[in-house]
Amino acid sequence: NQGGFFMYPIMGVSIVGLTIIAERAYHLFIELSMNMTHFSRRIYSAVEAGDVNGAIQECHKYFSHPLAQVLNAALLKANRGDKEIERAIQGKYLQVAPVVQKRLGYLSMAANISTLMGLLGTIIGLIQCFQGVALADAAAKQEVLSKGISVAMFTTAAGLVVAIPCLIGFHVLTNRQNRILDVIQESATELLNLISASNRDLRAGPKRVSNNPFN
């Protein structure tokens, strides 16, 4: 109440920001908590051993994870040319990346809005102070000054209290998101190289000894 009208939109921004932080943290750290490096190595080992079907089945076990979806897209095109495999990887990546990235941008916006709301409340409080000094009578000046200063200080503090956790959450979750997407890109590239090498060995002819996974 002492902070005035602008405390209410700041409170609304705080609810939105905390909800996004909780939902994104659960998704990125709990739902996508798979050991991606270990999973990718199992897929590579299966492909090198010639067991592409086994690699596909392994992907289906973890198909809710975007890494499994991208690698599975490459494995389904394993007997095709490199360009077609690459297009399958890129197409699936473009589908899963927005799911990993969604709503995080709103955290940065929430931090900016709460800060600006706090600043606006501060300006309104100072205006009230100046008006009190200029217009109010001597008996009312103290009350008007007290009210204006309360609005200025409380809205500034509230805006910062909301903005700081939103910014921290934004950077922590963005780092986690980028890590997931980087591993997906690296793993897909490595799998493409393995498949391409196996296909080249197959085309080289029967004199070359190779475990081809695409018979």
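This text follows the structure it describes.
Residues numbered from 1 in each chain as written. Predicted model: local features only at pLDDT ≥ 70, side-chain atom pairs only at ≥ 80, totals over all residues. Heavy atoms only, no water.

Caption draft 1: Quick look at the side chain of Ser114. Relative to the elements of secondary structure, Ser114 occurs in helix α6 (residues 104-135). A distance of 3.0 Å separates a polar side-chain atom of Ser114 from the backbone oxygen of Ala111. Apart from the residues lying within four places of it in its own chain, the contact partners of Ser114 are Ile10, Val13, Gly159, Val162 and Ala163. (Helix = DSSP H or I, 4+ residues; strand = E, 2+ residues; numbered from the N terminus. Polar contact = N/O pair within 3.5 Å; in protein donor to acceptor, adjacent residues only side chain to side chain. Contact = heavy atoms within 4.5 Å.)

Caption draft 2: Examining helix α3 (residues 52-61) more closely. Within α3, burial applies to Val52, Gly54, Ala55, Ile56, Glu58 and Cys59. Turning to α3, the residues buried within the fold contact α2 (36-48) and α4 (66-76). (Buried < 20%, exposed > 50% of the residue type's maximum accessible area, 1.4 Å probe, protein only.)

Caption draft 3: Up close: the nonpolar core. Residues Phe39, Ile43, Leu71, Leu75, Leu107 and Leu191 are the most contacted members of the largest nonpolar core, which totals 49 residues. Top contributing element to this core by residue count: helix α7 (residues 138-203), with 15 residues. With near-sequence residues (within four places) excluded, Ile43 lies in contact with Ala55, Glu58, Cys59, Leu71, Leu75 and Leu191. (Core = buried A, V, L, I, M, F, W, Y, C linked by side-chain atoms within 4.5 Å.)

Caption draft 4: Fine view of the packing of α3 against α4. Direction vectors running N to C along α3 and α4 enclose 155 degrees, while the axes themselves pass 9 Å from each other. The orientation of α3 with respect to α4, classified from their angle, is roughly antiparallel. Two packed elements cross with a definite hand, and for α3 against α4 that hand is left-handed. In this structure, α3 contributes Val52, Ala55, Ile56, Cys59 and His60 to the contact, and α4 contributes Ala68, Leu71, Asn72, Leu75 and Leu76. Classifying every residue of the contact of α3 with α4 by side-chain character gives eight nonpolar, two polar and no charged. (Axes fitted to C-alpha atoms, helices over the stretch in contact; angles between N-to-C directions. Parallel < 35°, antiparallel > 145°, perpendicular 65-115°, else oblique. Left-handed = near helix turned anticlockwise from the far one by under 90°. Nonpolar A, V, L, I, M, F, W, Y, C, P; charged D, E, K, R; others polar.)

Caption draft 5: Examining the packing of α2 against α4 more closely. Remark: α2 packs on α4, axes separated minimally by 11 Å, with the N-to-C direction vectors making an angle of 15 degrees. Comparing their axes, α4 and α2 come out roughly parallel. Like other packed secondary-structure pairs, α2 and α4 cross with a definite hand, here right-handed. Counting all contacts with α2, which are made through Met36, Phe39, Ser40, Ile43 and Val47, the residues of α4 involved are Leu67, Ala68, Leu71 and Leu75. When its residues are assigned to classes, the contact of α2 with α4 shows eight nonpolar, one polar and no charged.

Caption draft 6: Just helix α5 (residues 82-101), in detail. Across its 20 residues, α5 extends 28 Å between first and last C-alpha, which sits within 8% of the 28 Å expected from 1.5 Å per residue. Along α5, the helix axis deviates most sharply at Leu94, where the bend reaches about 25 degrees; the proline Pro98 sits within four residues downstream. Every buried residue belonging to α5 is among Ile85, Ala88, Ile89, Tyr93, Val96, Ala97 and Val100, and all of these are buried. Arg103 sits one or two positions beyond α5 and adopts a positive phi of about 70 degrees. (Expected span 1.5 Å × (residues − 1). Bend = angle between axes of the 7 residues up to and from the residue.)

Caption draft 7: Here's a closer look at a nonpolar patch on the surface. Taken together, the side chains of Tyr26, Phe29, Ile30, Leu160, Ile164, Ile168 and Val172 make up a nonpolar region of the molecular surface, amounting to roughly 670 Å² of accessible area. Mapped onto the nonpolar patch, the elements with two or more residues apiece are α1 (7-31) and α7. Sorting elements by how many residues they give to the nonpolar patch places α7 first, with four residues. Looking at where Tyr26 falls in the secondary structure, it is placed in helix α1. (Patch = residues over 30% accessible without salt bridge, like charges linked within 9 Å, V, L, I, M, F, W, Y side chains within 5 Å. Areas by Shrake-Rupley, 256 points an atom, 1.4 Å probe, with all protein chains shown as cover. Salt bridge = Lys/Arg side-chain N within 4 Å of Asp/Glu carboxyl O.)

Caption draft 8: Summary view of the environment of Gly159. Summarising the element assignment, Gly159 is placed in helix α7. Residues Gly159 and Ser114, spaced 45 residues apart in sequence, show a C-alpha to C-alpha distance of 4.7 Å. If we ignore the near neighbours within four places in the chain, the residues touching Gly159 are Ile10, Ser114, Thr115 and Gly118.

Caption draft 9: Representation of the pattern of salt bridges in the model. Scanning all chains against the criterion turns up six salt bridges. A salt bridge links Arg103 to Glu23; its shortest N-O distance comes to 3.1 Å. Of the two residues, Arg103 sits in the loop between α5 and α6 while Glu23 sits in helix α1, which places them 80 residues apart along the sequence. Measuring nitrogen to oxygen at the nearest pair gives 3.8 Å for the salt bridge that ties Glu84 to Lys77. The class of Glu84 is partly exposed, set by a relative accessible area of 25%.

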